[in-house]
Amino acid sequence: MHPPFDADLLLQQPPRLLCDEMLKGLARWLRAAGYDVKMEPDGTADRRLVERAAMERRLLLTRDRTLLEIRGAPRVVVLLNGNCIDECAGELTHILNIDWLYRPFSRCLLCNTPLIEIDKPFGFPPHTEHLCICPTCDKYYWRGGHVERMSRRLKSWQASPLITIAQGKRS
Ligand SMILES: [Zn+2]
(Lines give C-alpha, C1' and ligand atoms only; values in the text may rest on other atoms or scores of the structure.)
Protein backbone atom coordinates (compact mmCIF):
# COMPACT_ATOMS: atom_id res chain seq x y z
CA MET A 1 0.00 0.00 0.00
CA HIS A 2 1.05 3.53 -0.60
CA PRO A 3 1.50 5.90 2.29
CA PRO A 4 -1.28 8.43 2.84
CA PHE A 5 -0.24 11.29 0.60
CA ASP A 6 -1.17 14.82 1.26
CA ALA A 7 -4.48 14.79 -0.62
CA ASP A 8 -3.94 18.29 -2.02
CA LEU A 9 -0.59 17.32 -3.48
CA LEU A 10 -2.00 14.24 -5.09
CA LEU A 11 -4.88 16.14 -6.66
CA GLN A 12 -2.66 18.91 -7.92
CA GLN A 13 -2.75 18.79 -11.70
CA PRO A 14 -0.28 18.72 -13.21
CA PRO A 15 1.70 17.34 -10.26
CA ARG A 16 4.88 19.22 -9.36
CA LEU A 17 7.71 16.82 -8.62
CA LEU A 18 11.11 16.47 -7.00
CA CYS A 19 13.36 13.51 -7.83
CA ASP A 20 16.10 12.17 -5.62
CA GLU A 21 19.52 11.71 -7.19
CA MET A 22 18.96 8.03 -8.02
CA LEU A 23 16.12 9.06 -10.33
CA LYS A 24 17.99 11.59 -12.46
CA GLY A 25 17.18 9.67 -15.63
CA LEU A 26 13.50 9.55 -14.81
CA ALA A 27 13.54 13.29 -14.03
CA ARG A 28 14.80 14.00 -17.54
CA TRP A 29 12.00 11.92 -19.07
CA LEU A 30 9.35 13.64 -16.96
CA ARG A 31 10.73 17.00 -18.08
CA ALA A 32 10.69 15.74 -21.67
CA ALA A 33 6.97 15.05 -21.18
CA GLY A 34 6.59 18.64 -19.94
CA TYR A 35 6.34 18.20 -16.16
CA ASP A 36 7.89 20.56 -13.63
CA VAL A 37 10.56 18.37 -12.01
CA LYS A 38 13.21 19.68 -9.67
CA MET A 39 16.41 17.98 -8.58
CA GLU A 40 18.61 18.89 -5.65
CA PRO A 41 22.42 18.76 -5.94
CA ASP A 42 23.95 15.29 -5.52
CA GLY A 43 24.57 14.42 -1.90
CA THR A 44 21.67 16.49 -0.55
CA ALA A 45 20.58 14.98 2.76
CA ASP A 46 17.34 12.98 2.68
CA ARG A 47 15.81 15.17 5.36
CA ARG A 48 16.53 18.23 3.26
CA LEU A 49 14.82 16.61 0.25
CA VAL A 50 11.68 15.95 2.28
CA GLU A 51 11.67 19.52 3.63
CA ARG A 52 12.16 20.92 0.15
CA ALA A 53 9.28 18.88 -1.24
CA ALA A 54 6.95 19.97 1.56
CA MET A 55 8.02 23.61 1.26
CA GLU A 56 7.55 23.77 -2.51
CA ARG A 57 4.49 21.52 -2.46
CA ARG A 58 6.08 18.89 -4.65
CA LEU A 59 5.79 15.13 -4.55
CA LEU A 60 9.16 13.53 -3.87
CA LEU A 61 9.89 10.54 -6.13
CA THR A 62 12.31 7.98 -4.77
CA ARG A 63 13.11 4.29 -4.79
CA ASP A 64 14.60 4.55 -1.31
CA ARG A 65 12.15 3.17 1.22
CA THR A 66 14.19 4.51 4.17
CA LEU A 67 13.12 8.04 3.20
CA LEU A 68 9.68 7.18 4.54
CA GLU A 69 11.13 7.09 8.07
CA ILE A 70 11.80 10.81 8.00
CA ARG A 71 9.21 12.89 9.78
CA GLY A 72 6.63 14.28 7.37
CA ALA A 73 7.89 12.12 4.49
CA PRO A 74 4.79 9.93 4.06
CA ARG A 75 2.85 13.03 3.05
CA VAL A 76 5.14 13.89 0.15
CA VAL A 77 7.00 10.74 -0.86
CA VAL A 78 5.96 8.60 -3.83
CA LEU A 79 7.85 5.33 -3.50
CA LEU A 80 8.68 3.61 -6.77
CA ASN A 81 9.67 -0.04 -7.04
CA GLY A 82 10.59 -0.19 -10.71
CA ASN A 83 14.02 -1.51 -11.61
CA CYS A 84 14.34 0.43 -14.83
CA ILE A 85 13.02 3.61 -16.39
CA ASP A 86 10.27 1.74 -18.27
CA GLU A 87 8.95 0.16 -15.08
CA CYS A 88 9.11 3.44 -13.14
CA ALA A 89 7.29 5.18 -15.99
CA GLY A 90 4.55 2.54 -15.84
CA GLU A 91 4.18 2.99 -12.09
CA LEU A 92 3.90 6.76 -12.46
CA THR A 93 1.20 6.35 -15.07
CA HIS A 94 -0.83 4.41 -12.51
CA ILE A 95 -0.01 6.28 -9.30
CA LEU A 96 -0.05 9.87 -10.58
CA ASN A 97 -1.86 9.49 -13.86
CA ILE A 98 1.14 10.93 -15.68
CA ASP A 99 0.40 11.89 -19.28
CA TRP A 100 3.62 11.21 -21.15
CA LEU A 101 2.42 13.39 -24.02
CA TYR A 102 1.41 16.28 -21.76
CA ARG A 103 3.64 19.00 -23.27
CA PRO A 104 6.49 17.21 -24.98
CA PHE A 105 9.80 19.06 -25.14
CA SER A 106 8.52 22.26 -23.57
CA ARG A 107 11.11 22.27 -20.75
CA CYS A 108 14.88 22.13 -20.55
CA LEU A 109 15.93 18.56 -19.78
CA LEU A 110 18.93 19.83 -17.84
CA CYS A 111 17.46 22.56 -15.64
CA ASN A 112 13.64 22.33 -15.88
CA THR A 113 13.15 25.89 -17.23
CA PRO A 114 10.30 26.30 -19.75
CA LEU A 115 11.75 26.66 -23.26
CA ILE A 116 11.18 29.65 -25.50
CA GLU A 117 10.68 29.22 -29.25
CA ILE A 118 13.03 31.48 -31.19
CA ASP A 119 13.85 32.38 -34.76
CA LYS A 120 16.80 30.58 -36.18
CA PRO A 121 20.02 32.50 -35.57
CA PHE A 122 22.58 32.85 -38.34
CA GLY A 123 24.65 29.71 -38.82
CA PHE A 124 22.04 27.10 -38.00
CA PRO A 125 21.52 24.40 -40.64
CA PRO A 126 18.59 25.22 -42.94
CA HIS A 127 16.65 22.04 -42.04
CA THR A 128 16.51 22.95 -38.33
CA GLU A 129 12.83 23.20 -37.33
CA HIS A 130 11.08 24.49 -34.23
CA LEU A 131 14.14 25.90 -32.60
CA CYS A 132 13.82 26.58 -28.88
CA ILE A 133 16.24 27.86 -26.30
CA CYS A 134 16.51 27.47 -22.55
CA PRO A 135 16.78 31.02 -21.16
CA THR A 136 18.63 29.71 -18.10
CA CYS A 137 21.41 27.58 -19.58
CA ASP A 138 21.28 28.83 -23.21
CA LYS A 139 20.94 25.30 -24.55
CA TYR A 140 19.22 24.96 -27.94
CA TYR A 141 16.60 22.31 -28.66
CA TRP A 142 15.19 21.43 -32.03
CA ARG A 143 13.31 18.65 -33.69
CA GLY A 144 15.94 16.15 -34.72
CA GLY A 145 16.90 12.51 -34.41
CA HIS A 146 17.37 12.60 -30.64
CA VAL A 147 14.06 14.30 -29.94
CA GLU A 148 12.28 11.94 -32.36
CA ARG A 149 13.72 8.90 -30.57
CA MET A 150 12.70 10.25 -27.17
CA SER A 151 9.30 11.08 -28.56
CA ARG A 152 8.76 7.49 -29.66
CA ARG A 153 9.54 6.22 -26.17
CA LEU A 154 7.15 8.71 -24.56
CA LYS A 155 4.43 7.61 -26.98
CA SER A 156 5.06 3.95 -26.14
CA TRP A 157 4.67 4.67 -22.40
CA GLN A 158 1.48 6.54 -23.06
CA ALA A 159 0.08 3.75 -25.24
CA SER A 160 0.95 0.77 -23.06
CA PRO A 161 2.47 1.43 -19.66
CA LEU A 162 4.54 -1.44 -18.34
CA ILE A 163 2.85 -2.92 -15.28
CA THR A 164 5.07 -5.60 -13.88
CA ILE A 165 5.61 -4.43 -10.34
CA ALA A 166 3.16 -5.15 -7.54
CA GLN A 167 3.07 -2.14 -5.21
CA GLY A 168 4.62 -2.70 -1.83
CA LYS A 169 5.92 -6.13 -2.73
CA ARG A 170 9.56 -5.37 -2.12
CA SER A 171 10.67 -4.72 1.40
ZN1 LIG B 1 18.26 24.80 -19.08
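Preceding this paragraph is the structure being described.
Residues numbered from 1 in each chain as written. Predicted model: local features only at pLDDT ≥ 70, side-chain atom pairs only at ≥ 80, totals over all residues.

Details of unusual backbone geometry
Leave glycine aside and you will find that most residues have negative phi; peptide bonds, for their part, are mostly trans. One non-glycine residue, Arg57, adopts positive backbone phi at about 55°. Structurally, the position occupied by Arg57 is in the loop between α3 (46-56) and β3 (59-62). The phi dihedral of Asp138 is positive, around 60°, even though this residue is not glycine. Among the secondary structure elements, Asp138 is positioned in the loop between β6 (132-133) and β7 (140-141). (Helix = DSSP H or I, 4+ residues; strand = E, 2+ residues; numbered from the N terminus.)

Some points on the environment of Trp29
Its location among the elements puts Trp29 in helix α2 (residues 24-32). Judged by C-beta crowding, with 23 C-beta atoms within 10 Å, Trp29 ranks as buried. Along the chain, Trp29 and Phe105 lie 76 residues apart, while their C-alpha atoms are 9.6 Å from each other. Setting aside anything within four residues of it in sequence, one finds Trp29 in contact with Ile85 and Ala89. (Buried ≥ 20, exposed ≤ 12 C-beta atoms within 10 Å, placed from the backbone. Contact = placed C-beta atoms within 7 Å.)

Focus on the packing of α2 against helix α4 (residues 85-96)
Between α2 and α4, the shortest axis-to-axis distance is 10 Å and the interhelical angle comes to 55°. Judged by the inter-axis angle, α2 sits oblique to α4. For α2 against α4, the interelement crossing comes out right-handed. For the pair α2 and α4, contact is made by Gly25, Leu26 and Trp29 and by Ile85, Cys88 and Ala89, respectively. (Axes fitted to C-alpha atoms, helices over the stretch in contact; angles between N-to-C directions. Parallel < 35°, antiparallel > 145°, perpendicular 65-115°, else oblique. Left-handed = near helix turned anticlockwise from the far one by under 90°.)

Quick look at the sheet that holds β6
A sheet is described by the order of its strands in space; here three strands give the open sequence β5-β6-β7, paired in antiparallel fashion. For this open sheet the edge positions go to β5 (116-117) and β7, each flanked by a neighbour on one side alone. Relative to β6, β5 is paired through two bridges, and the arrangement is antiparallel. When the bridges of β6 are listed, Ile116 appears paired with Ile133. (Pairing = 2+ DSSP bridges.)

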